[in-house]
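# Report on the structure
The residues making up each chain are set out below.
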Amino acid sequence: MAIAELTDKERNDAMAALGGWTYDADAKAIRRSFRFPDFAEAFAFMTRIAIVAEKMDHHPEWFNVYGTVDIALTTHDASGLSLRDIDLATQIDSFV
Ligand code: HBI
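In short, a report on the structure. (Residues numbered from 1 in each chain as written. Predicted model: local features only at pLDDT ≥ 70, side-chain atom pairs only at ≥ 80, totals over all residues. Heavy atoms only, no water.)

## Focus on the sheet that holds strand β3 (residues 61-65)
With antiparallel pairing, the four strands of this open sheet are ordered in space as β1-β2-β4-β3. In this open sheet, the two strands that pair with only one neighbour each are β1 (22-24) and β3. Across the sheet, the mean angle separating the axes of adjacent strands is 25° when strand polarity is ignored. Where strand β2 (residues 29-35) lies against strand β4 (residues 68-73), six bridges are found, and the strand directions are antiparallel. Bridge pairing in β4 links Ser33 to Asp70. Helix α3 (residues 83-93) rests against β2 and β4 of the sheet, and its axis sits at about 10° to β2. (Pairing = 2+ DSSP bridges. Helix = DSSP H or I, 4+ residues; strand = E, 2+ residues; numbered from the N terminus. Axes fitted to C-alpha atoms, helices over the stretch in contact; angles between N-to-C directions. Contact = heavy atoms within 4.5 Å.)

## Things to note about the site of the ligand
The environment of the ligand is made up of Asp57, His58, His59, Thr74, Thr75, His76 and Asp77. Taking His59, its main chain carries an N or O atom lying 2.8 Å from a nitrogen atom of the ligand. When the ligand is considered free in solution it has 390 Å² of accessible area, and contact with the protein chains removes 70% of it. The residue makeup of the shell around the ligand, split by class, is no nonpolar, five polar and two charged. (Near = heavy atom within 4 Å. Polar contact = N/O pair within 3.5 Å; in protein donor to acceptor, adjacent residues only side chain to side chain. Areas by Shrake-Rupley, 256 points an atom, 1.4 Å probe, with all protein chains shown as cover. Nonpolar A, V, L, I, M, F, W, Y, C, P; charged D, E, K, R; others polar.)

## A few points about the packing of aromatic side chains
Applying the stated criterion across every chain, the model contains four aromatic pairs. Both rings, one in Trp21 and one in Phe34, keep their centres 6.1 Å apart while their planes meet at 70°; by these two values the pair is edge-to-face. In this pair, Trp21 sits in the loop between α1 (8-18) and β1 while Phe34 sits in strand β2, placing the two residues 13 residues apart along the sequence. Like Phe34, Trp21 is buried. An aromatic cluster is defined as three or more aromatic residues linked by ring pairs; in this entry it consists of Trp21, Phe34, Phe36 and Phe45. Across from the ring centre of Tyr23, 4.1 Å away, lies the NZ or CZ of Arg11, which sits over that ring. (Phe/Tyr/Trp six-rings, centres within 6.5 Å; stacked < 30°, edge-to-face > 60°. Buried < 20%, exposed > 50% of the residue type's maximum accessible area, 1.4 Å probe, protein only. Lys NZ or Arg CZ within 6 Å of the ring centre and 35° of its normal.)

Shape descriptors only; they carry no functional weight alone.
Written out as structure tokens, the structure is:
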């Protein structure tokens, strides 16, 4: 299903409201890195995200090493950033 890519203004407004995330123009994705004291806490965080991602049918691209979780959000079905990325980022932020 086609999903609308955010306009520049919509993206800028959403980014200002989010905070903590940066826009990667090359990847057309938003990124944020999280640090936890150990792997157990990092993986617990990822598990919480996985549960909401499944419910939303919208999934992060992520990289984990021990207590570090690097997350990128983009919408393949929009070939760029959509409201779904903003919604998932908001959920993710609520877990820290
Ligand atoms: N996750 N980040 C992301 N972007 C998508 O476009 C997407 C997804 N998860 C599932 C999904 N799309 C489905 O709608 C199918 O396109 C696989």
